[in-house]
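Take a look at the letters that make up each chain.
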Amino acid sequence: MTPEELRAEMPALDGGVYLNTGAGGPSPRRVVEATEDALEFHEYEAPTGAGTYGALFEALDGTREAVAAHVGVDPHSVALTQSTTDGIGRVAAAIEWEPGDAVVRTDQEHSAGILPWERLRETHGIEVRVVEAADGQVDREEWKAAVDGAKLALFSSLTWTDGCRLPVAELADIAQDAGARVVVDAVQSVGQRPVDFGEWGADAVAAAGHKWLLAPTGTGFLHVTDEFARDLDPAQVGYMGVEDPEADDWDLKPDARRFETGSVSPVPYAGLGEGIGTIEDVGYDTVTDRIERLTDRLKEGLGDRLVSPERYESGLVAFEADDPAETAERLDEAGIRVRDIPPTDTVRVSVHVFNTAADIDALLDAL
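Cut-offs used in this document
- Every chain begins its residue count from 1, and numbering advances along the sequence as written.
- The predicted origin of the model limits local features to residues at a pLDDT of at least 70 and limits the giving and counting of side-chain atom pairs to 80 or more, whereas totals for whole chains, interfaces and linings rest on all residues.
- Processing note: side-chain calculations cover all non-hydrogen atoms of the structure and skip hydrogens and water entirely.
- Numbering of helices and strands runs from the N terminus, with a helix taken as a DSSP run of H or I at least four residues long and a strand as a DSSP run of E at least two residues long.
- Radius of gyration here is computed from C-alpha atoms only, and the compact-globule reference equals 2.2 Å multiplied by the residue count raised to the power 0.38.
- Buried, partly exposed and exposed residues are distinguished by accessible area as a fraction of the type maximum, computed with a 1.4 Å probe on protein chains only: under 20%, between the cut-offs, and over 50%, respectively.
- Here, residues are in contact when the closest pair of their heavy atoms is within 4.5 Å.
- Calculation of accessible area relied on Shrake-Rupley with a 1.4 Å probe; when residues are assessed, cover is drawn exclusively from the protein chains displayed.
- Under this rule, positive means Lys or Arg and negative means Asp or Glu; His and the chain ends count for nothing.
- Think of each charge as sitting on NZ of Lys, CZ of Arg, CG of Asp or CD of Glu.
- Like-charged residues are merged into a patch within 9 Å and nonpolar side chains (Val, Leu, Ile, Met, Phe, Trp, Tyr) within 5 Å, provided each residue has over 30% relative accessible area and no salt bridge.
- Within this document, salt bridges are pairs made up of a side-chain nitrogen of Lys or Arg and a carboxyl oxygen of Asp or Glu, the two lying within 4 Å of each other.
- In this scheme, strands are said to pair when DSSP sees at least two bridges between them.
- Here, axes are lines fitted to C-alpha atoms. For helices the fit covers the stretch in contact, and angles between N-to-C directions go from 0 to 180 degrees.
- Roughly parallel here means an angle under 35 degrees, roughly antiparallel means over 145, roughly perpendicular means 65 to 115, and every remaining angle is called oblique.
- Handedness of each helix crossing follows the sense of rotation of the near helix against the far helix: counterclockwise by less than a right angle gives left-handed, clockwise gives right-handed.
- Residues enter a nonpolar core if they are buried and are Ala, Val, Leu, Ile, Met, Phe, Trp, Tyr or Cys, with the set joined through side-chain atoms within 4.5 Å.
- By the criterion used throughout, a crossover qualifies as right-handed when its path from the first strand across the helix to the second strand runs clockwise, the strands pointing away from the viewer.
- Under the rule applied, a polar contact is a pair of N or O atoms within 3.5 Å (in protein, one hydrogen donor and one hydrogen acceptor; residues adjacent in sequence only if both atoms are side-chain atoms).
- Buriedness for pockets is judged along seven lines, at least five of which must meet protein on both sides within 12 Å for an open set on the 1 Å grid over protein atoms alone, while cavities are sets there where a 1.4 Å probe fits but cannot get out, and lining residues have an atom within 4 Å of a point.
- Grid points are joined across faces, edges and corners, and a volume is the space filled by probe spheres set on the points.
- In this count, Pro and Cys sit with the nonpolar residues alongside Ala, Val, Leu, Ile, Met, Phe, Trp and Tyr, while Asp, Glu, Lys and Arg are called charged and the others, Gly among them, polar.

(A) Representation of the overall build of the protein chain within the structure. Each helix and strand counted, the protein chain has 13 helices and twelve strands in total. A globule of 367 residues ought to have a C-alpha radius of gyration of about 21 Å, and the protein chain, at 21 Å, matches this closely. Projecting the C-alpha coordinates of the protein chain onto the three principal axes gives extents of approximately 70 × 55 × 35 Å. Burial analysis of the protein chain (367 residues in total) assigns 53% to the buried set. Long-range contacts, defined as pairs at least 24 residues apart, comprise 69% of the intrachain contacts of the protein chain with a sequence gap of at least 6. Within the structure as shown, the protein chain displays about 15,400 Å² of accessible surface, and the carbon and sulfur contribution to it stands at 45%. Of the charged side chains in the protein chain, 30 are positive and 72 negative, and the gap between their average positions amounts to 3 Å.

Below, the structure is given as structure tokens:
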């Protein structure tokens, strides 16, 4: 599939210039059709065919396998969730916290990677340590000192504020050497560049399909290593997360699947599988090459307003504006969708493979 063919399959793009995939990516027709087909099969055919639950389990297993293959891990190490926030929250709630336990995060985290620890600070008296990661640069000695004695470290593989890539494997290795568990927020990476969760070496990685993978909202996934999973006690337990729900002496599943509790709709997850297939059909060489060329064009046009690095990092590009919220609103009225980023007081543009040079030029002209 070419970028042009993908773009032609995306009705949302008929309504204006869309440069906000970092918030949510519009789905192509094939993704929506996959969800419609899944709904019809589940409601019309499964009850008197494969059975409602048999069809559900088969569908979820298929999506779990598609996710696992896409990010380089085993299917049993993947739990299907509703979002990145949901995945991080499930891990945070499954750890036995004591007063004085320390969590380390960067100063560039989304609220998904901030609020769980703030809540635990209030309820359990944990300590939260924050390390600077502006421009994607994390001082290794500062990071090493911060994770010393910490129970857990969380950071994003790619910052949502300015689109910078962090050295995931290196930061994870430093934290684990200090005895901390590592959780990575990968939602801005998956779908715009190839990733291998296994090579990163983190204990857990949370992500979702509704951004760069072009899948429906509500399609999150959580990778947890078996070794870490066995130390986690999920806050909620249901029949899907245990070995034998009918047993008097039930045991949690020995892997990430212990985080799945009860019946969920297979419909959005059918869209997630199709979204993954769509990106794979386009190919990451094409995806990254096109994003790099378009962001280079954008950065050149922004000039001194550019906040993100001039070097290619990702499809997220932040720039300065006198009033970021007003600028984003004005662009929206002109039919160009971007967003402001309150924590850094900037405007953020998201460029994906379906975007064009004409989209970039329209934005620059409007500015």
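(B) Geometry of a negative patch on the surface. Taken together, the side chains of Glu-243, Asp-244, Glu-246, Asp-248, Asp-249 and Asp-251 define an acidic patch exposed on the protein surface. Looking at the secondary structure, you find Asp-251 in the loop between α9 (226-229) and α10 (267-282).

(C) Molecular detail of the sheet that holds strand β2 (residues 78-81). The strand order across the open sheet formed by seven strands is β2-β8-β7-β6-β5-β3-β4, and the pairing between neighbours is mixed. Here the strands that pair on one side only, and so sit at the sheet edges, are β2 and β4 (127-131). Within this sheet the neighbouring strands show an average axis-to-axis angle of 20°, counted without direction. Bridge count for strand β5 (residues 152-156) against strand β6 (residues 181-185) is five bridges, and the pairing is parallel. Bridge pairing links Leu-152 to Arg-181 in β6. Its contacts with the sheet put helix α4 (residues 84-94) on β2, β5, β6, β7 (204-208) and β8 (220-224), and the angle it makes with β7 is roughly 155°. Along the sheet face, helix α5 (residues 115-124) touches β3 (102-106), β4 and β5 and points at about 145° away from the line of β4.

(D) Up close: the sheet that holds strand β9 (residues 316-319). What the three strands build is an open sheet, ordered β9-β12-β11; its pairing is antiparallel. Each edge of the sheet is formed by a strand with only one pairing partner; in this case those strands are β9 and β11 (339-341). Direction aside, the axes of adjacent strands within the sheet are offset by 35° on average. In the sheet, β11 pairs with strand β12 (residues 346-350) via three bridges, with the strands oriented antiparallel. Considered in β12, the bridge of Ile-341 is made with Thr-346.

(E) Spotlight on the packing of helix α11 (residues 284-302) against helix α13 (residues 357-366). The interhelical angle for the contact between α11 and α13, taken along N-to-C directions, is 15°, at an axis separation of 10 Å. On the basis of the axis angle, α11 is roughly parallel to α13. Remark: the crossing between α11 and α13 carries right-handed chirality. Where α11 abuts α13, its residues Leu-294, Arg-297, Leu-298, Gly-301 and Leu-302 lie against Ala-357, Ile-360, Asp-361, Leu-363 and Leu-364.

(F) Region of the structure containing a nonpolar patch on the surface. A cluster of nonpolar side chains, namely Tyr-53, Phe-57 and Tyr-239, defines an oily patch on the protein surface of about 290 Å² accessible area. Here Tyr-239 shows up in the loop between α9 and α10.

(G) Broad picture of the nonpolar core. One finds Trp-143, Val-184, Val-190, Phe-197 and Phe-221 to be the most contacted residues of the largest nonpolar core, which totals 55 residues. Residue contacts for Trp-143: discarding those within four places in its chain leaves Val-104, Thr-106, Val-131, Val-138, Ala-153, Phe-155, Leu-171, Ile-174 and Ala-175. Trp-117, Leu-222, Leu-232 and Phe-259 belong to the second-largest nonpolar core, a separate cluster that totals 25 residues.

(H) Spotlight on the pairing of β5. Most of β5 is tucked away, with five of its five residues classed as buried. Burial along β5 is two-sided: Leu-152, Leu-154 and Ser-156 and Ala-153 and Phe-155, pointing in opposite directions, are all buried. Bridge count for β3 against β5 is three bridges, and the pairing is parallel. Its bridge partner lying in β5, Val-104 is registered against Ala-153. In this fold, β5 hands off to helix α7 (residues 168-177), which returns the chain to β6; that crossover is right-handed.

(I) Main features of α4. Of the positions making up α4, those classed as buried are Thr-84, Gly-87, Ile-88, Arg-90, Val-91, Ala-92 and Ala-94. The opening residue of α4, the one whose side-chain oxygen lies 3.5 Å from the backbone nitrogen of Thr-85, is Ser-83.

(J) Local environment of the layout of surface pockets. Of the volumes computed, that of the largest pocket is approximately 230 Å³. Looking at the largest pocket, it is lined by 17 residues, and the ones nearest its centre are Arg-90, Gln-236, Phe-259, Glu-260 and Thr-261. Here the element with the most residues in the lining of the largest pocket is α4; it accounts for four residues. Class assignment for the residues of the lining of the largest pocket results in nine nonpolar, five polar and three charged. Within this model, the second largest pocket holds a volume of roughly 200 Å³. If you go around the second largest pocket, you meet 18 residues; those closest to its centre are His-110, Asp-185, Val-187, Gln-188 and Lys-211.

None of the figures reported here should be taken as evidence of function without further support.
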